[in-house]
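One-letter residues, chain by chain:
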Amino acid sequence: MGAPVVSIDGPSGSGKGTVSRAVAQRVGWHLLDSGALYRLVALSGIEHKLDPQDVEGHARLAGSMQVRFGTESERERVLLDGQDVTGAIRTEELGQGASRVAAWPAVRSALLERQRAFAEAPGLIADGRDMGTVVFPGAPLKIFLTASAEERARRRYNQLKEKGSGASLSALSREIAERDARDSSRAVAPLVPAADAALIDSTDLTIDAVVERVIELGRRRSLWA
Ligand code: DC
């Protein structure tokens, strides 16, 4: 297969988004935020007024929606069918919606090749739940990032507060537990570490410390200098 891939999987709030972005920047590789694709399917369904239970309809949108990830004046932007949805897909509601559509095999297979196409030279940092197990099983470095449920809820809470949206810590804890349960128990591509993944528990680590660990693991595998 084409360019080398480093997969970074784990539950929401484990820090994988921030860590993946930082590692990609450090080594100059591309970044795939696969969760954003599931969020976009959920949003596209709402915009097309699909029945929330319409599996085929969502799978069709997963194959046909036009997605662009880009940056503008240093800010990351996500475009769906030409519309800027960068902020719109980051809500808890769309996180839940994404987790629901992500349990449907037809949606997952419609996104498979789209995700693999991101593996371009010099390499790809792939952030998600099944990057190391399903999408890039041959990845030369696989990371599974975790943190305690309390710590993950606290991080989400701080993130939302920074963005100015209100949230209650107890509601967030409940939602995170619900999402974990659904993502880990689904029949297809559940959230589990790949057999050959390096486990990193970030509960008591800073983001920088996690990034350093990933950089060191990549160095040991000669993925970068
Ligand atoms: O990482 P995130 O919070 O943006 O992901 C949103 C949801 O999408 C998550 O709850 C489960 C699903 N997802 C998935 O099933 N597989 C992936 N590779 C990424 C996300």
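Check the entry above for the structure.
Below is a summary of the structure that appears in this document. Starting afresh in each chain, residues are numbered from 1 along the sequence in its written order. In keeping with the predicted nature of the model, local features appear solely for residues at pLDDT of at least 70, side-chain atom pairs appear and are counted solely at 80 or more, and the whole-chain, interface and lining totals rest on all residues. Side-chain figures throughout are based on the complete set of non-hydrogen atoms in the structure, without hydrogens or water.

**Quick look at the sheet that holds strand β3 (residues 67–72)**
Being paired, for any two strands, means DSSP has found at least two bridges between them. Numbering goes from the N terminus for both helices and strands, where a helix is a DSSP run of H or I of at least four residues and a strand is a run of E of at least two. Pairing in this open sheet of three strands is antiparallel, and the strands run β3-β4-β5 from one edge to the other. Because the sheet does not close on itself, it has two edges, and the strands there are β3 and β5 (83–84). Relative to β5, strand β4 (residues 75–80) runs antiparallel, the two sharing two bridges. Bridge pairing in β5 places L79 opposite D84.

**Some remarks on the site of the ligand**
Distances are taken per atom, and a residue is near a molecule or strand as soon as one of its heavy atoms is within 4 Å of it. The immediate surroundings of the ligand are formed by 16 residues, with R39, R108, R179, D183 and R186 found nearest. Within the side chain of R39, an N or O atom sits 2.6 Å from an oxygen atom of the ligand. Look at the ligand: alone it shows 450 Å² of surface, and the protein chains cover 96% of it. Breaking the shell around the ligand down by element, the ones donating at least two residues are α2 (34–47), α4 (92–101) and α8 (169–185). Counting residues per element, the shell around the ligand draws most heavily on α2, which supplies four residues. Residues are sorted three ways: Asp, Glu, Lys and Arg are charged, Ala, Val, Leu, Ile, Met, Phe, Trp, Tyr, Cys and Pro are nonpolar, and all the rest, Gly among them, are polar. Tallied by class, residues from the shell around the ligand come to four nonpolar, four polar and eight charged. Any pair of N or O atoms that falls within 3.5 Å is considered a polar contact. Within protein, one atom must be able to donate a hydrogen and the other to accept it, and sequence-neighbouring residues count only if both atoms are side-chain atoms. Each accessible area is a Shrake-Rupley estimate made with a 1.4 Å probe; only the visible protein chains count as cover when residues are assessed.

**Section: the pattern of salt bridges**
Salt bridges are defined by distance alone: a side-chain nitrogen of Lys or Arg within 4 Å of a carboxyl oxygen of Asp or Glu. Here the structure, examined in full by the defined rule, presents 16 salt bridges. With its nearest N and O atoms 3.7 Å apart, the salt bridge here joins E216 to R220. Within this pair, E216 and its partner R220 are both found in helix α9 (residues 207–220), separated by four residues, close to a single helical turn. Taken together, the shared-partner salt bridges connect R129, D183 and R186 into one network.

**Thoughts on the nonpolar core**
To define a nonpolar core, start from buried Ala, Val, Leu, Ile, Met, Phe, Trp, Tyr and Cys residues and group those joined through side-chain atoms within 4.5 Å. Only protein chains enter the accessibility calculation, which uses a 1.4 Å probe; a residue is then buried when its area is under 20% of its type maximum, exposed when over 50%, and partly exposed in between. Core analysis: the largest hydrophobic core is formed by 30 residues, its most contacted members being L40, I89, V107, L111 and F136. Elements represented by at least two residues in this core include exactly α2, α3 (55–64), β4, α4, α5 (105–116), β6 (124–128) and α6 (131–135). The element contributing the most residues to this core is α2, with seven residues. In what follows, a contact means two residues having at least one pair of non-hydrogen atoms within 4.5 Å. For L111, the contacting residues outside a window of four places in its chain are L37, Y38, V41, A62 and M65.

**Overview of the sheet that holds strand β2 (residues 30–33)**
Read across the open sheet, the five strands follow the order β2-β6-β1-β7-β8; overall the sheet is parallel. Edge positions in the open sheet fall to β2 and β8 (198–201), since each of these has one partner strand only. Strand after strand, the sheet turns through a mean of 20° between neighbouring axes, direction not considered. Fitted lines through C-alpha atoms serve as axes, helices being fitted only where they are in contact, and the angles separating the N-to-C directions of these axes extend from 0 to 180 degrees. On the sheet, helix α1 (residues 16–27) packs against β1 (5–9), β2, β6 and β7 (141–146) and is oriented at approximately 175° with respect to β6.

**A short note on the layout of surface pockets**
Put simply, the grid is 1 Å and covers the protein atoms alone, a cavity is a trapped set of points that fit a 1.4 Å probe, a pocket is an open set with protein on both sides within 12 Å along at least five of seven lines, and lining residues have an atom within 4 Å of a point. Grid points are joined across faces, edges and corners, and a volume is the space filled by probe spheres set on the points. Considered as a void within the structure, the second largest pocket measures approximately 190 Å³ in volume. In terms of lining residues, the second largest pocket is bounded by A42, G45, I46, K49, L50, P52, H58, E93, L94, G97, R100 and V101. Sorting the residues of the lining of the second largest pocket by element identifies α2 and α4 as the ones contributing at least two each. Here the lining of the second largest pocket takes five residues from α4, the largest share from any one element. In terms of residue class, the lining of the second largest pocket is built from six nonpolar, three polar and three charged.

Purely spatial values, then, with no claim about function.
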